[in-house]
Amino acid sequence: MLNEKIAELLNVQINKEFYSAYLYLSFSNYFSDKGLDGFANWYRVQAQEERDHAMLFVQYMQNNDAKITFDAIGKPDAEFDSHMAVLEAGLKHERYVTGLINNIYAAAYEVKDFRTMQFLDWFVKEQGEEETNANDLIKKLNLFGSDPKSLYLLDQELAARTYAAPSLVL
Ligand code: FEO
């Protein structure tokens, strides 16, 4: 049996991860509209990863016989002033999600729920990678974004990102 508060936090996280997928799809829509199909691809793959994160939380709760309730998924912002504004929103969002994961971890630690802590270890590492990726994108756009030819090459690089199923198996 999961502790009631832990189950509630995990349940909320399902919604947050599906929202993340929705948010990244809105980024993908933005770049597709601008003709930057590589960026659009990058965020579409990111959305698939977020859906996987949500599914992992669902499965962990199901495995632990915890009751799951679904809330409506929030509407993501669709208006951005610039390419950079999208990338910065991505980094800000990942930092927010890192905070959420850390909160659940701290709550699990408090009630000595070592199983949930072990489950969350993968997400702690994943969040580190996601923040790094979001930051790297910002750096690259800063370096190459103002020159159309370089932006084209960066877009080509991002077009190569492919989806891979998560390494965590429950
Ligand atoms: Fe599921 Fe990007 O955190």
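As shown above, the structure is provided for reference.
Now for a look at the structure at hand. Remember, predicted model here, so these are calculated numbers, not experimental data.

### What about the overall build of the protein?
Along the backbone of the protein there are 5 helices and 0 strands. Secondary structure of the protein in N-to-C order comes out as α-α-α-α-α. Relative to the 2.2 N^0.38 estimate, which gives 15 Å for 170 residues, the radius of gyration of the protein is 17 Å and therefore close to what a compact globule would have. For the C-alpha atoms alone, the extent of the protein along its principal axes is close to 55 × 25 × 25 Å.

### A look at the pattern of salt bridges
Counting across every chain of the model gives 5 salt bridges. Two residues, E129 and K125, come together in a salt bridge whose shortest N-O distance is 3.5 Å. Here K125 and E129 lie together in helix α4 (residues 114–144), a separation of 4 residues that amounts to about one turn. A salt bridge links D136 to K139; the shortest N-O distance between them is 4.0 Å. Of this pair, D136 and K139 both sit in helix α4, 3 residues apart, which is roughly one turn of that helix. According to the relative accessible area criterion, K139 is partly exposed, its value standing at 48%.

### Some remarks on helix α2 (residues 37–63)
The terminal C-alpha atoms of α2, which comprises 27 residues, lie 39 Å apart, in line with the 39 Å expected from a rise of 1.5 Å per residue. Of all 27 residues in α2, 19 are buried, a share of seventy percent or more. In the segment just after α2, D65 is the residue with positive phi, at about 55°.

### Re the packing of α2 against α4
Between α2 and α4, the shortest axis-to-axis distance is 12 Å and the interhelical angle comes to 170°. Classified by the interaxial angle, the pair formed by α2 and α4 is roughly antiparallel. Contacts between α2 and α4 involve F39, W42, Y43, Q46, E49, E50, H53, L56, F57 and Y60 from the first element and R115, T116, F119, L120, W122, F123, E126, E130, N133, L137 and L141 from the second. Counted by class, the contact of α2 with α4 contains 12 nonpolar, 4 polar and 5 charged residues.

### Thoughts on unusual backbone geometry
Even without a glycine there, the phi angle at D65 is positive, about 55°. Along the chain, D65 turns up in the loop between α2 and α3 (83–110). Even without glycine at this site, K112 takes up a positive phi of about 55°. Position of K112 relative to the elements: it lies in the loop between α3 and α4.

About the cut-offs
- Residues numbered from 1 in each chain as written.
- Predicted model: local features only at pLDDT ≥ 70, side-chain atom pairs only at ≥ 80, totals over all residues.
- Heavy atoms only, no water.
- Helix = DSSP H or I, 4+ residues; strand = E, 2+ residues; numbered from the N terminus.
- Rg over C-alpha atoms; globule rule 2.2 N^0.38 Å.
- Salt bridge = Lys/Arg side-chain N within 4 Å of Asp/Glu carboxyl O.
- Buried < 20%, exposed > 50% of the residue type's maximum accessible area, 1.4 Å probe, protein only.
- Expected span 1.5 Å × (residues − 1).
- Axes fitted to C-alpha atoms, helices over the stretch in contact; angles between N-to-C directions.
- Parallel < 35°, antiparallel > 145°, perpendicular 65-115°, else oblique.
- Contact = heavy atoms within 4.5 Å.
- Nonpolar A, V, L, I, M, F, W, Y, C, P; charged D, E, K, R; others polar.

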